[in-house]
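# Examining the three-dimensional arrangement
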Amino acid sequence: MRLTGATLFTVLALTAGAGHSAQAPAGDGLETVIVTATRTERSADTIGSAVSVVGRADIERRNEKNMLGLFNQLPGVYATESGGLGGTTNVRLRGADSDQTLVLLDGMRVNDPASAAGDFDFSSLLVTDIERIEVVRGPQSTLWGSDAIGGVINIITRKGDGRPSGSVFAEGGSFSTYRLGGSVRGAADRLRYALSGSGLSTDGFSRVDENLGATERDGSELLTFNANLNAGIYDNYAIDLVAHYSDADADTDPSLSGIGGDGEASSRRSVSSAQIDNNFTLSAGALRNRLSLFTTRTEREFHNPRNSQSRSLFDGRSYGAEYQGDIDTGAGTLVFGARRQVDSARGSSRGGLGRLRQFDEDFDTDSVYLQWQSEPLPALHLTLGMRRDDFEIGGTENTYRVTAAKHFAGSGTVLRGSYGTGVKAPTIYQAFFNGPDPIFGGTLSGNPELAVEESEGFDIGIRQSLLQQRLTLELSHFRQDIDNLIEFQSVVFGVSSTYVNIASVAISEGYELTANWRLGDWLSLNGSYTHLIAVDEATDNELARTPRETAAVGMQFQPTPKWSIGLYGNHVGAQFNRSRQRQRLDGFTKLDLSVQYQLTDSLQLFARIDNVSDREYQYILNAGTADRSAYAGFRLAFK
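Residues numbered from 1 in each chain as written. Predicted model: local features only at pLDDT ≥ 70, side-chain atom pairs only at ≥ 80, totals over all residues. Heavy atoms only, no water.

This next bit is on the overall build of the protein. When helices and strands are counted, the protein shows 5 helices and 38 strands. The C-alpha atoms of the protein give a radius of gyration of 24 Å, which matches the 26 Å a tight globule of 639 residues would have. In terms of overall dimensions, the protein has C-alpha extents of about 65 × 60 × 50 Å along its principal axes. Across the 639 residues that make up the protein, the buried fraction comes to 56%. In the protein, once contacts between residues fewer than 6 apart in sequence are set aside, the share between residues at least 24 apart is 63%. Summed over all atoms, the accessible surface of the protein reaches about 26000 Å², with 56% contributed by carbon and sulfur. Across the protein, the mean location of the 59 positive side-chain charges is 4 Å away from that of the 78 negative side-chain charges. (Helix = DSSP H or I, 4+ residues; strand = E, 2+ residues; numbered from the N terminus. Rg over C-alpha atoms; globule rule 2.2 N^0.38 Å. Buried < 20%, exposed > 50% of the residue type's maximum accessible area, 1.4 Å probe, protein only. Contact = heavy atoms within 4.5 Å. Areas by Shrake-Rupley, 256 points an atom, 1.4 Å probe, with all protein chains shown as cover. Lys, Arg positive; Asp, Glu negative; His and termini not counted. Charge placed at Lys NZ, Arg CZ, Asp CG, Glu CD.)

For the rest of this paragraph, the subject is the side chain of threonine 252. Considering the arrangement of structural elements, one finds threonine 252 in strand E14 (residues 237-252). There is a polar contact of 3.3 Å between the side chain of threonine 252 and the backbone nitrogen of serine 266. Ignoring anything within four residues of it in the chain, the contact list for threonine 252 reads Arg207, Asp218, Gly263, Glu264, Ala265, Ser266 and Ser267. (Polar contact = N/O pair within 3.5 Å; in protein donor to acceptor, adjacent residues only side chain to side chain.)

As a further point, take a nonpolar patch on the surface. On the surface, Val168, Val184, Leu195, Leu599, Leu605, Phe634, Leu636 and Phe638 cluster together into a nonpolar patch covering about 590 Å² of accessible area. A per-element tally of the nonpolar patch places strand E38 (residues 629-638) first, with 3 residues. Along the polypeptide, phenylalanine 638 turns up in strand E38. Accessibility expressed as a relative area gives 38% for phenylalanine 638, which makes it partly exposed. (Patch = residues over 30% accessible without salt bridge, like charges linked within 9 Å, V, L, I, M, F, W, Y side chains within 5 Å. Salt bridge = Lys/Arg side-chain N within 4 Å of Asp/Glu carboxyl O.)

A word on the sheet that holds strand E23 (residues 434-436). Taken in spatial order, the 4 strands make up an open sheet running E23-E24-E28-E27, and their pairing is mixed. The sheet is open, and its two borders are formed by E23 and strand E27 (485-492), each paired with just one other strand. Ignoring strand direction, the axes of neighbouring strands in this sheet form an average angle of 30 degrees. Sheet topology note: the strand E24 (residues 443-445)/strand E28 (residues 496-502) ladder contains 2 bridges and is parallel. If you follow leucine 444 over to E28, its bridge partner there is serine 497. (Pairing = 2+ DSSP bridges. Axes fitted to C-alpha atoms, helices over the stretch in contact; angles between N-to-C directions.)

Under the definition given, this model contains 19 aromatic pairs. Plain terms: the ring middles of phenylalanine 120 and phenylalanine 122 are 4.8 Å apart, the flat faces sit at 90 degrees to each other, and that makes the pair edge-to-face. For the residue pair phenylalanine 120 and phenylalanine 122, the accessibility class agrees, reading buried in each case. Taken together, Phe302, Phe314, Phe359, Tyr429, Phe433, Phe488 and Tyr499 form an aromatic cluster joined through their ring pairs. A cation over an aromatic ring shows up here: arginine 39 above the ring of tryptophan 144, its NZ or CZ 4.2 Å from the ring centre. In this structure, arginine 584 packs its charged tip against the face of phenylalanine 576, placed 5.6 Å from the ring centre. (Phe/Tyr/Trp six-rings, centres within 6.5 Å; stacked < 30°, edge-to-face > 60°. Lys NZ or Arg CZ within 6 Å of the ring centre and 35° of its normal.)

Bridge analysis of strand E10 (residues 165-173) against E38 gives 8 bridges, and the strand direction is antiparallel. By the bridge assignment, serine 167 is partnered in E38 with alanine 637. Examined bridge by bridge, strand E37 (residues 603-610) and E38 share 8 bridges and lie antiparallel to one another. Each residue of the ladder has a partner; that of arginine 608, found in E38, is tyrosine 631.

For the rest of this paragraph, the subject is the pattern of salt bridges. Any two side chains of opposite charge can pair, on the condition that their charged atoms come close. Applying the stated criterion to the full structure yields 43 salt bridges. With its nearest N and O atoms 3.7 Å apart, the salt bridge here joins arginine 158 to glutamate 131. A residue pair is termed long-range when its members are at least 10 positions apart, and arginine 158 in the loop between strand E9 (151-157) and E10 and glutamate 131 in strand E8 (residues 130-137) qualify at 27 residues. Linked through salt bridges whose partners overlap, the residues forming this network are Asp45, Arg94, Arg137, Arg416, Asp459, Arg463, Glu474 and Glu512.

Further remarks concern the nonpolar core. Within soluble globular proteins, side chains that are nonpolar generally end up buried alongside one another. Counting residues in each nonpolar core, the largest one holds 31 residues, and the members touching the most others are Met67, Phe71, Val91, Phe122, Ile133, Ile153 and Ile155. Elements represented by at least two residues in this core include exactly helix H3 (68-71), strand E4 (77-81), strand E5 (89-93), strand E6 (101-105), E8 and E9. Other than its neighbours up to four places away in sequence, isoleucine 155 contacts Met67, Leu104, Leu105, Asp106, Phe122, Leu125, Ile130, Arg132 and Ile133. Of all hydrophobic cores here, the second largest spans 18 residues; its members include Ala114, Phe391, Ala431 and Tyr499. (Core = buried A, V, L, I, M, F, W, Y, C linked by side-chain atoms within 4.5 Å.)

It is worth spelling out empty space enclosed by the protein at this point. Under the criterion given, the structure shown has 12 cavities of 30 Å³ or more. The space that makes up the largest cavity amounts to roughly 490 Å³. Examining the composition of the lining of the largest cavity, we find that 3 residues originate from one element, strand E12 (residues 191-205), more than from any other. Partitioning the lining of the largest cavity into residue classes produces 8 nonpolar, 14 polar and 10 charged. Looking at the second largest cavity, its volume works out to about 360 Å³. Contributing to the lining of the second largest cavity are 27 residues, with Arg109, Ser146, Asp147, Gln341 and Asp343 lying nearest its centre. Looking at the lining of the second largest cavity, the elements with two or more residues in it are strand E16 (287-303), strand E18 (332-351), strand E19 (354-377) and strand E20 (380-391). (1 Å grid on protein atoms, 1.4 Å probe; cavity = no way out; pocket = protein on both sides within 12 Å on 5 of 7 lines; lining within 4 Å. Points joined across faces, edges and corners; volume = space filled by probe spheres on them. Nonpolar A, V, L, I, M, F, W, Y, C, P; charged D, E, K, R; others polar.)

Taking burial as the measure, the 14 residues of strand E30 (residues 523-536) include 12 buried ones, the bulk of the element. Pairing between strand E29 (residues 506-520) and E30: 14 bridges, direction antiparallel. Among the inter-strand pairings, tyrosine 511 is bridged to a residue of E30, identified as histidine 531. Joining the antiparallel neighbours E29 and E30 is a turn of 2 residues. Summarising the sheet, E30 and strand E32 (residues 549-557) pair through 9 bridges and their orientation is antiparallel.

Another aspect to go through is the environment of glutamate 60. Positionally, glutamate 60 belongs in helix H2 (residues 56-62). For glutamate 60, a relative accessible area of 37% gives the class partly exposed. Sequence separation between glutamate 60 and serine 476 is 416 residues; the distance between their C-alpha atoms is 28 Å. Dropping the residues within four chain positions of it, glutamate 60 is found in contact with Arg158 and Gln596.

The subject of this paragraph is the sheet that holds strand E3 (residues 50-55). Within a beta sheet, neighbouring strands are joined by backbone hydrogen bonds and run either parallel or antiparallel to one another. Spatial ordering of the open sheet is given by E3-E8-E9-E6-E7, a layout of 5 strands whose pairing is mixed. Every interior strand has two partners, whereas the edge strands, E3 and strand E7 (108-109), have only one.

On the surface, Glu221, Asp249, Asp251 and Glu264 cluster together into a negatively charged patch. Topologically, glutamate 264 is positioned in the loop between E14 and strand E15 (265-282).

Let's shift gears to unusual backbone geometry. Although it is not a glycine, serine 176 adopts a positive phi angle of roughly 50 degrees. Structurally, the position occupied by serine 176 is in the loop between E10 and strand E11 (177-188). Phi at asparagine 484 is positive, roughly 60 degrees, even though this residue is not glycine. Position of asparagine 484 among the secondary structure elements: in the loop between strand E26 (471-483) and E27.

On to the side chain of glutamine 464, then. As for its placement among the helices and strands, glutamine 464 is situated in strand E25 (residues 453-466). Only 2.4 Å separates the side chain of glutamine 464 from the side chain of threonine 413, close enough to count as a polar contact. In this structure glutamine 464 touches Ser411, Gly412, Thr413, Leu471, Thr472 and Leu473, once residues within four positions along its chain are discounted.

Here it is as structure tokens:
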């Protein structure tokens, strides 16, 4: 075996410990409760799926502005950013594309129904008052429906409790970057509340890599607001209300073509979502019911003066209702539910030809699902689920999933495994777009006869606790096949193009290794390593933006009760920027440093250095990335 940079980094990661697994960070003394994997609160040791959790303590220690750094510490997760803050930010799970990943905010679906592939762009979302992030890998459509082929990401914000309290923070640093924010939370009688918000402004750097001669700075302004309210109306009836808003107003460049790509262009993205849950229990609490009403909206506008139709506008909305019931039978728990969702998407362009409407359609989805959770033998936890989705485009699809987890308490061993299927419905854009081809020129015409993308996958894993639970190791092996893939296809180059289902199968297979090692109250080490082979079976070509090797390592050092120091490293192996193994990107290793000092009980000072070694690297071909940069600020808590 060749001793490559990736191998050396992996040895370091596994010596130090690797990553965030599906349990509480070592040393916090708490049992992690996971919601996303089963739609019920379950202990990590009873979950058969591959789950990673980023807790609030980890989030606060890293002082990240956006989600990129948090995601890239996790096994099987690869996040990319196009040209810095405010640039398109996508996340891939186990080689599945970003549009095959379902994103939830406090359990609400926020994938954009008006985007070409229906993915979620994280660029507008700042890290603001997040309680934890749950990432469930592998096909999850049985419980979550369309888009959950690669898995599900659920970002869960903090809830209110106890006496009124809050905090404010301010930060400044490189690229004339400034960030402000605050939060309040508490409880009064039967009402619990949590409100938070933050804003960021930066002059940024060129979206096109400066090494290509790009000199124009591309700045951005970002806002994020969260609201989380709970009212206990009666002993058996409560209402939860969650609402979110995020906005990104960014300068961009006309293209990432390299030389000549730099120039004046801009984009704006806003995401608003709200959901109200009516929770009521019956039969002395054995039957729990939740009726949810939800709405989301994503608005995007792009301005590129080099195009004849210089402005593109997209408006995607989703609304509907969902019922979920959980009943304890004595022999297990039955989860059942039904959902109706209406997606509405509109797209148009403006310019020299006036206003051109490209699509304006609605799309209905009706779903029912059922899941049985049981413990037939001591510490053996099984789930079996099935779902039926009726898509207005693509027809009716059935999915299923089975998981098992066995906990050997005396030895600290957990064996787990899962097998399931996933689906992704065609988007309104893919089915009904009619306008100028944004890639090859000519005309792009949608295809309303598209079929649903389908997948099946499994994973098996073992988790072992050692040294009185101070060291936890986990190894997983996975495989997933995706067929009926929807791809953009040029019918006559430069004249006409459309979307088609292709017969080839995309295969993702590999393994993930994580560990968490607490050496004492003053030092903990963690990291993750993923080896992934993602190929198109028909051509044997590697899939785009799926590096074979990714690894992360983190060290948290607390020499005194007031000081906390964190060193975080990421390694990304070589990959291809485009399909058909074109445009190869070299691998890279990047280090970040975070320091916190608790000046008083209520005042904390913090500082961060990104890209400590000033490494040149690219997530996307020709896209700019930050040189060594530094930031500092304070956080003031009050009660």
